[in-house]
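Reading the structure
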Amino acid sequence: MIPELGHFALWLAVGVTLALGTVPLIGAQRGRADWMALARPATHVLLALILFAFFCLLASFVRNDFSVLNVASNSNSELPTMYRIAASWGSHEGSLMLWLLMQAGWAWAVAAFSRNLPLPMLARILSVMGLLTLSFLLFVLFTSNPFDRVFPVPLDGRDLNPQLQDPGMIFHPPMLYMGYVGLSVAFAFAVAALIGGNLDTQWARWSRPWTTVAWAFLTFGIALGSWWAYYELGWGGWWFWDAVENASFMPWLVATALIHSLAVAEKRGSFKNWTVLLAILGYSLALLGTFLVRSGVITSVHSFASDPARGAFILMMMGVTVAAALTLYAWRAPRIGLGARFGMLSRETMLLANNVLLIVAMAAVMLGTLYPLILDAFGLGKISVGPPYFNAVYVPIMAVLMFFMGVGPLSRWKNDSLPALAVRLRWAAGVAVVSAALTAWGSGGIGFGGFVGLLMAYWILYTVVAEIWDRVQPSAATALGGSTVWQRLGQLPRASVGMWVAHAGTAMFVFGVTMVSVYDIEKDVAMGVGESTTVRGYTFTYQGSRPVNGPNYEAIRGHLIVTRDGQQVSELYPEKRVYRVQRMPMTEAAIDTRWHGDLYVQMGEPLAQDKWLVRIWVKPFVTWIWIGCMFMGLGGIWAITDRRYRQRVTRSSTAPTGAAGAAV
């Protein structure tokens, strides 16, 4: 009975989204306030229905209702409860239910927290979001029903994929989907502004915090997925350039360009045409990622389904959505205008360069991801595009981007002079060069590429420090009050502080990537009881292994003691597991995480009686990669708490041309 109730709730949600997508929109065009006012309560009803359906699915998993095909295919009576909960979104059908829940949640949030928006604008935004939700509801009901029954009812389920039986499965998909679906909010704001013809600085200010939140969640989601793959798959890497990884990375690059473009649209009234295109492109790439994961065109540990019919439905949905948005853009674009003028050397120019480089990087990733698929689809052969291509093409683009990332915040709006800009940047450049050289020397030498990576990390960090000082130094012409530097620091806008935190996180990320790429050491060794091996000053001694039983698996657990200079620093317990239902062998790496790097041990194959092939890595500063990503996302979250996003906008505004301090 519970699955039928959930299925019925989804059909009721179809009616609600149909009404939400039409009535308020027509009301906004006709000036009917009573019709527009229906948008808010409709989002409440929609969220309640989707939430009810989602909990029906969740209850089916927790109760081990194997009469539901989705449960029988992705769960088992021995599966721990927390993984039964995660299994509810671990399949294609369940993940779409999670998508719908996020979509309804975002629509409710916009209705609840955008009371400063004019009613016609809000009605159009929620109508667009309602239509987007309707398309996914139809996709679920006609091709991917999570409540389908199976007969005869199996005695037990086929179990969740052992690779997904990890705490990462609980946190990674919701975070990633919050970012994916959050881009639909930016899309809805852009389309609503096009319909209403009010693409002005107010639209950019309204849209910017929502876009930033979506970008922050996407950042968290990608970082969690990278960390999960690092410790769960046992391959010791943090990014493989897998097609599904790229499917989430491409919209992140566009979303990064979008939040910077919105800054210019809000401050100066420029880039409005470009900003709308970025909003459309960002959501289009989220749909493309959905297609890649669910159509069967790629084989990946991250992919959900291999049904061409589902892929065709998503392609049709993406085609209709993008075509409608671009048609609307073509109709409105001639009336938008170019916005305020700016000089060749200005903050606007630096942000434009930032945007162009991010889109070029996205195009490079897209080419490497889709080109093999296109060749295969047309029968032109099979090729593999892997890390060598992406590293050779993507890394140089990012190096140039890092340079502009440091210069941009210290540039003035509208126009700047090269000598004045050079004065503001000179000490940051000098200290960055010295710091990179000292780090390379202290680490035992480094190649040119590694030195550039370190230089860019320090460059970003020190330009953040330089900008903060430029804002609070006593001689600066600043609008901040306070008679001391410390008082002025306390009065800095939260949007500025959030930007600096995010940029500092980027510096940490680049530093971690550079150090682990250059100084990572890997060693394979056969180890019996009492045998030792030394890797980068750490001595690993194998103490033996013993069998252990988990809730739904059997394992052999190894034991290694790690010493340095004769002192014990760690004990590591890697495992080889076999899950009872699927009989899939799994390797569980043992990782000792330190502030300056990880000790990473993986058990390979048994060679003799209690003698194993053991793979050992020493990975310097690898955790800085994910810590940096967390700082990026937290910076975005902090930025949206700026008080100007909580105030009603009554008129368009532009930034003072001489102040470097206006937050980006």
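Residues numbered from 1 in each chain as written. Predicted model: local features only at pLDDT ≥ 70, side-chain atom pairs only at ≥ 80, totals over all residues. Heavy atoms only, no water.

**Quick look at the environment of L199**
Rules: The numbering of helices and of strands both runs from the N terminus, where a helix is a DSSP run of H or I of at least 4 residues and a strand a run of E of at least 2. The contact criterion used throughout is that any non-hydrogen atoms of two residues lie within 4.5 Å.
Mapping L199 onto the fold places it in the loop between α8 (168-196) and α9 (201-232). Setting aside its immediate chain neighbours within four residues, L199 contacts A193, L194, K272, V276 and I336.

**Thoughts on a nonpolar patch on the surface**
Just so we agree on the cut-off: In this scheme, patches are assembled from residues that exceed 30% relative accessible area and form no salt bridge. Like charges are connected within 9 Å, while nonpolar side chains (Val, Leu, Ile, Met, Phe, Trp, Tyr) are connected within 5 Å. Methods summary: accessible areas were calculated by the Shrake-Rupley approach with a probe of 1.4 Å, and residue burial reflects only the protein chains presented. We define a salt bridge as a contact between a side-chain nitrogen of Lys or Arg and a carboxyl oxygen of Asp or Glu at a distance within 4 Å. To sort residues, take the accessible area from a 1.4 Å probe on protein chains only and compare it with the maximum for the residue type: under 20% means buried, over 50% means exposed, and anything in between is partly exposed.
Together, F342, L352, V356 and V360 give the surface a local cluster of nonpolar side chains, amounting to about 280 Å² of exposed area. Looking at where V356 falls in the secondary structure, it is placed in helix α13 (residues 347-377). Judged by relative accessible area, which is 41%, V356 ranks as partly exposed.

**Examining the packing of aromatic side chains**
Selection rule: When two rings of Phe, Tyr or Trp (its six-membered ring) have centres within 6.5 Å they constitute a pair, described as stacked for plane angles under 30 degrees, edge-to-face for angles over 60, and tilted for the intermediate range. The criterion is that NZ of a Lys, or CZ of an Arg, lies within 6 Å of the ring centre and within 35 degrees of the ring normal, and then a charge sits over that ring.
Taken as a whole, this structure holds 36 aromatic pairs when the rule is applied. Geometrically, the ring pair formed by W227 and Y231 is edge-to-face, given 5.1 Å between the ring centres and 65° between the ring planes. Taken as a pair, W227 and Y231 lie in helix α9 at a separation of four residues, close to a single helical turn. An aromatic cluster is built from W215, W239, W241, F249, W252, Y389, F390 and Y394, whose rings are joined through pairwise contacts. Across from the ring centre of W331, 4.2 Å away, lies the NZ or CZ of R332, which sits over that ring.

**So, the sheet that holds strand β8 (residues 590-594)**
Heads up, the condition is: Between any two strands, pairing holds if DSSP finds at least two bridges. Angles run from 0 to 180 degrees between N-to-C directions of axes, and those axes are lines fitted to C-alpha atoms, restricted for helices to the stretch in contact.
Pairing in this open sheet of four strands is antiparallel, and the strands run β1-β10-β9-β8 from one edge to the other. For this open sheet the edge positions go to β1 (521-528) and β8, each flanked by a neighbour on one side alone. With strand direction ignored, the average angle separating the axes of adjacent strands in the sheet is 20°. When β8 meets strand β9 (residues 597-608), the two strands line up antiparallel, connected through five bridges. Across the sheet, the residue bridging to A590 is V601, located in β9. Strands β8, β9 and β10 (611-620) of the sheet are contacted by α9, whose axis makes an angle of about 40° with β9. Where helix α18 (residues 494-519) meets the sheet, it contacts β1 and β10, and its direction lies at approximately 135° from that of β10.

**Considering the environment of G453**
Within the secondary structure, G453 is located in helix α16 (residues 448-472). Residue class for G453 comes out buried when judged on its relative accessible area of 13%. As for G453 and A436, which are separated by 17 residues in sequence, their C-alpha atoms are 8.6 Å apart. Apart from residues lying up to four places away in sequence, G453 is in contact with V510 and T514.

**Comments concerning the packing of α9 against helix α10 (residues 243-268)**
Rules: Relative orientations are named as follows: roughly parallel for angles under 35 degrees, roughly antiparallel for angles over 145 degrees, roughly perpendicular for angles from 65 to 115 degrees, and oblique for any other angle. Note on convention: near helix rotated counterclockwise from far helix by under a right angle means a left-handed crossing. Clockwise means right-handed. Gly is placed with the polar residues, together with every amino acid not listed as nonpolar (Ala, Val, Leu, Ile, Met, Phe, Trp, Tyr, Cys and Pro) or charged (Asp, Glu, Lys and Arg).
The contact between α9 and α10 brings their axes to 9 Å, and the two run at 150°. Taken together, the axis directions place α9 and α10 in an arrangement best described as roughly antiparallel. Pair α9 / α10 crosses with left-handed handedness. For the pair α9 and α10, the contacting residues are T201, W203, A204, R205, S207, R208, T211, T212, W215, L218, T219 and I222 in the first and S248, F249, P251, W252, A255, T256, L258, I259, L262, A263, A265 and E266 in the second. Within the contact of α9 with α10, the residues separate by chemical class into 14 nonpolar, seven polar and three charged.

**Quick look at the pattern of salt bridges**
A full pass over the atoms with the stated rule returns 20 salt bridges. Between R208 and E266 there is a salt bridge, with its nearest N and O atoms 2.8 Å apart. Residue R208 is found in helix α9, and its partner E266 is found in helix α10; the two are separated by 58 residues along the sequence. Relative accessible area serves as the criterion here: at 1%, E266 is assigned to the buried category. Among the salt bridges present, the one from R412 reaches D470, with a minimum N-O distance of 3.2 Å. Linking R412 in the loop between α14 (387-407) and α15 (418-442) with D470 in helix α16, this pair joins segments that are 58 residues apart in sequence. D470 shares its class with R412; the two are buried. Shared partners join several salt bridges into a network, and the residues in it are E78, E554, R580 and R583.

**Some remarks on helix α12 (residues 308-332)**
An α-helical turn contains 3.6 residues, so any two residues separated by three or four positions project in the same direction. Worth spelling out the cut-off: The span you would expect from a helix comes to 1.5 Å times its residue count less one.
Taking 1.5 Å of rise per residue, the 25 residues of α12 would be expected to cover 36 Å, and the 36 Å separating its terminal C-alpha atoms lies within 8% of that figure. Turning to α12, its buried residues are R310, G311, F313, I314, M317, M318, T321, V322, A325, L328, Y329 and R332. Tucked inside the fold, the buried residues of α12 contact α6 (92-113), α7 (119-143), α8 and α11 (272-294).

Geometry only, nothing functional implied.
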